[in-house]
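Okay, here's what each chain looks like letter by letter:
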Amino acid sequence: MELVPDKSARGYKNVTINEEFFEGHFPGHAVMPGVLVCEAMAQVGGVLLLSKTGNAGKLAYFGGMDHVRFRKPVLPGDTLVTDVELIATKGNIGKVRAIARVDNEIAAEGEFIFALVDRDKKRNIGDSAVEKSREE
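Anyway, here's the lowdown on the structure attached to this text. This is a predicted model, so every value here is computed, not measured.

Attention now goes to the packing of aromatic side chains. Applying the stated criterion across every chain yields a total of three aromatic pairs. Counting every residue linked through ring pairs, the aromatic cluster contains Phe62, Phe112 and Phe114.

Dropping the structure here:
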């Protein structure tokens, strides 16, 4: 919805009852899973970091979360509005503060860490821990 490069971003997600995750979370009492609320906040944070000068075309790898708290459930029919503010960057690492709201009430909040990597780096298939465990 809004982007102030190097400073802040705002995004939203209209939550509808026909989303697949509501079938099992929780039957008879639909609630958006917290992991997907975090994903929504992380995506807005990634957009903010990629808007910084020199980051165009890179990937924002999600590196971690700190101080995440859930304050209110997100339900079908809600609009989840996420505001993200840049805390710091150092080299290829960035940290943002995110607050997700429904009807101006905080649903979740926390800090998210990202590693910004070049998109064109070739990855050898044997580099991943998954591939190494398959070899054993």
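With that out of the way, let us pick up the sheet that holds strand β6 (residues 105-117). Strand order in this open sheet of six strands is β1-β2-β4-β5-β6-β3, and the pairing throughout is antiparallel. Every interior strand has two partners, whereas the edge strands, β1 (2-4) and β3 (59-70), have only one. Within this sheet the neighbouring strands show an average axis-to-axis angle of 25°, counted without direction. In terms of strand pairing, strand β5 (residues 93-102) meets β6 through ten bridges, oriented antiparallel. Directly across from Lys95, in β6, lies its bridge partner Ile113.

Mapping Leu36 onto the fold places it in helix α1 (residues 34-50). Each C-alpha atom of the pair Leu36 and Phe21 lies 9.3 Å from the other, and the pair is 15 residues apart in sequence.

Rules and cut-offs
- Residues numbered from 1 in each chain as written.
- Predicted model: local features only at pLDDT ≥ 70, side-chain atom pairs only at ≥ 80, totals over all residues.
- Heavy atoms only, no water.
- Phe/Tyr/Trp six-rings, centres within 6.5 Å; stacked < 30°, edge-to-face > 60°.
- Pairing = 2+ DSSP bridges.
- Helix = DSSP H or I, 4+ residues; strand = E, 2+ residues; numbered from the N terminus.
- Axes fitted to C-alpha atoms, helices over the stretch in contact; angles between N-to-C directions.

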